[in-house]
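In case you want the letters, here they are:
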Amino acid sequence: MAENKKSDSLKKELEDIPTKGPFRRDYWHSPLRGPWLASFMSLMLLIVIPIVFITGLIDHIAWNPDLGGTNNRTPDMGLLGFLLGIEWPTRPIWLYRLTEGIHIVLGLALLPLVLGKLWAIMPSLYKWPLADSPAHALERISLLFVKGGVFFQIFTGLIYIQNFIIFSNATFNELHFYGSWMFMGGLALHVLVKFSEMVKGLKARPIDDELSKSRQETEPEPEEKGRLVSTDPDPPTISRGGAIAIIGGSSFVLMALAIGQTLGERWSWLAILSPRAQAPPGNGPNDFRINKTAKKANITPEQVGPGWRLELIGKTSQRLSREDLLAMPQYTSSLPIACLEGWSTGNQSWQGVRLRELAERAGMPQAAKVLFESLETGEEIANKSFMRQNQIQDPLSLLALRVNGADLSLDHGYPARVIVPATPGNRNTKWVYRITFMEEV
Ligand SMILES: Nc1nc2c(c(=O)[nH]1)N[C@H]1C(S)=C(S)[C@@H](COP(=O)(O)O)O[C@H]1N2
Ligand SMILES: [Mo]
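Reading the values: rules and limits
Residues numbered from 1 in each chain as written. Chains lettered and ligands numbered in written order. Predicted model: local features only at pLDDT ≥ 70, side-chain atom pairs only at ≥ 80, totals over all residues. Heavy atoms only, no water. Salt bridge = Lys/Arg side-chain N within 4 Å of Asp/Glu carboxyl O. Helix = DSSP H or I, 4+ residues; strand = E, 2+ residues; numbered from the N terminus. Buried < 20%, exposed > 50% of the residue type's maximum accessible area, 1.4 Å probe, protein only. Phe/Tyr/Trp six-rings, centres within 6.5 Å; stacked < 30°, edge-to-face > 60°. Near = heavy atom within 4 Å. Polar contact = N/O pair within 3.5 Å; in protein donor to acceptor, adjacent residues only side chain to side chain. Areas by Shrake-Rupley, 256 points an atom, 1.4 Å probe, with all protein chains shown as cover. Nonpolar A, V, L, I, M, F, W, Y, C, P; charged D, E, K, R; others polar. Expected span 1.5 Å × (residues − 1). Axes fitted to C-alpha atoms, helices over the stretch in contact; angles between N-to-C directions. Parallel < 35°, antiparallel > 145°, perpendicular 65-115°, else oblique. Left-handed = near helix turned anticlockwise from the far one by under 90°. Contact = heavy atoms within 4.5 Å.

**Considering the pattern of salt bridges**
Phase 1: As enumerated under the stated definition, the model contains 17 salt bridges in all.
Phase 2: In this structure, E210 and R240 form a salt bridge, with 2.8 Å as the shortest nitrogen-oxygen distance. Placement of the pair is E210 in helix 6 (residues 207-212) and R240 in helix 7 (residues 240-263), with a sequence separation of 30 residues. There is no split in this pair, since E210 and R240 are both buried.
Phase 3: With a shortest N-O distance of 3.1 Å, E373 and R434 are connected by a salt bridge. Linking E373 in strand 5 (residues 369-374) with R434 in strand 10 (residues 432-438), this pair joins segments that are 61 residues apart in sequence.
Phase 4: Linked by salt bridges that have partners in common, R205, E210, K213 and R240 make up one network.

Given below as structure tokens:
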């Protein structure tokens, strides 16, 4: 008896849901909401998201993940294996700076756009029953992936570029990479189901008409079955164009604040929210940004003192002192460091030995792959890196000993560090102690 009563009251409560709080249609009063606004926000997202996704994939390829080791943080790619084995070019020298810059700047711009879209469609989330057909259920599940996915991507990215150390570099890579596929899978399904609705929504009112309407001219959209349009609209406090300007304006502010760190130097003052945007004080030859200091990497003075030797391994194995390296032909390359976190230095003038001459010296002028190892014993991802033949062969690729006319500072990788054009910052190993050339990839 009591059981029955309980289930009856539960049933009643469930039946009552549509009459409660946000589930009630008259709970929502904004006169701006409707299919047009929702469709407009979708259009913005459909322009920005693919660019962020593609530049993200490009940044992944830039690591040369097929070389393995710490270059590949995301093994078991299955169907996505086609991404492996693409030879990342070394020119133009600013290529990675550009793709990573776009990825992060537009990725940040997504935050206001996503929040704006969420606001625009909020009433439709409070639908009861949650789904009334299998197709509808599928749509709502895909929405869960889309919304959850986009916030996951934005927040993992934000945490990373802000240097909040709640996960390691390696973990970030895995989360952000696999997360992107979950998100894009959900999005593909969502777009498939909703695309025609978006087109219809936009066609109902020409965009420039709607954007040029004043607040007074702003009227609710006609009733529709999607529950976006308020049944009890308040008078407008802002026009649709005004609301869109606030959302878009927020995106532009975030972009403006982020771009300073990619442009570097003269513009870095703009990047007030970026922890490593500002160059260290001073304008000496080594006063450009540092990712990890020697102290943090636990590099001791003895390790880099006169006893330091470079182990050069190929057909032969040699130990070279810094003097030996300085006695080889010295070349100068003007190259930036472009970090995964989105910051970049301007071009620095690096001096040192060409990688390809080191390959020759090791008896392997045609080496297909090279491994750089650092004295640093901490994080794997930072202390080892692989590069492939085109990177070894580029005449600008150096084992740098000096920068801007002075010896490398300890923080920039003294006694020797790698610098290769268009390569993600973190592949340019500092405090190198061993270089191994290999026949095969
Ligand atoms: N051994 C070692 N090399 C390293 C790093 C590191 O942490 N350890 N950081 C890398 C990263 S992420 C970047 S962006 C560049 C930064 O070089 P810089 O500190 O000289 O500007 O060095 C790379 N080389
Ligand atoms: Mo980096």
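**Overview of the packing of aromatic side chains**
Phase 1: Enumeration over the complete set of coordinates arrives at twelve aromatic pairs.
Phase 2: Ring centres of F151 and F155 lie 6.2 Å apart, and the angle between their planes is 15 degrees; on these two criteria the pair is classed as stacked. You can see F151 and its partner F155 sitting in helix 4 (residues 134-161), four residues apart, about one turn around the helix.
Phase 3: Taking relative accessible area as the criterion, F155 reaches 40% and is therefore assigned partly exposed.
Phase 4: An aromatic cluster of three or more residues is present, and its members are F23, Y27, W28, Y126 and W128.

**So, the site of ligand 1**
Phase 1: The immediate surroundings of ligand 1 are formed by 18 residues, with R289, N291, E376, H412 and K430 found nearest.
Phase 2: In this structure, R289 approaches ligand 1 through a main-chain N or O atom, which is 2.6 Å from an oxygen atom.
Phase 3: Within the side chain of R417, a nitrogen or oxygen atom sits 2.8 Å from an oxygen atom of ligand 1.
Phase 4: Expressed as a share of its isolated accessible area of 530 Å², the protein-covered part of ligand 1 is 96%.
Phase 5: When grouped by side-chain class, the residues that make up the shell around ligand 1 number six nonpolar, seven polar and five charged.

**Re helix 4**
Phase 1: For helix 4, with 28 residues, the first-to-last C-alpha span of 40 Å sits near the 40 Å given by 1.5 Å per residue.
Phase 2: Once helix 4 finishes, N163 follows within two positions and takes phi at roughly 60 degrees, a positive value.

**Topic: the packing of helix 3 (residues 95-125) against helix 7**
Phase 1: Their axes nearest at 8 Å, the elements helix 3 and helix 7 cross at an angle of 155 degrees. With respect to helix 7, the element helix 3 is oriented roughly antiparallel. Crossing of helix 3 over helix 7 shows right-handed handedness. Taking contact as the criterion, the partners of R97, G101, V105, L106, L108, A109, L111, P112, L113 and G116 in helix 3 are, on helix 7, I247, S250, S251, L254, M255, A258, I259, T262 and L263.
Phase 2: Of the residues in the contact of helix 3 with helix 7, the class split is 13 nonpolar, five polar and one charged.

**Digging into unusual backbone geometry**
Phase 1: Cis rather than trans, the peptide bond between R91 and P92 has omega equal to -10 degrees.
Phase 2: Examined against the element boundaries, P92 turns out to sit in the loop between helix 2 (35-61) and helix 3.
Phase 3: Residue P129 follows W128 across a cis peptide bond; omega there is -5 degrees.
Phase 4: Structurally, P129 is set in the loop between helix 3 and helix 4.
Phase 5: Phi angles above zero are rare outside glycine, and N404 is one such case at about 50 degrees.
Phase 6: Within the secondary structure, N404 is located in the loop between strand 7 (398-403) and strand 8 (406-407).
Phase 7: You can call N404 partly exposed: its relative accessible area is 29%.
Phase 8: The phi dihedral of A422 falls on the positive side, at around 65 degrees, and the residue is not glycine.
Phase 9: Within the fold, A422 resides in the loop between strand 9 (417-419) and strand 10.

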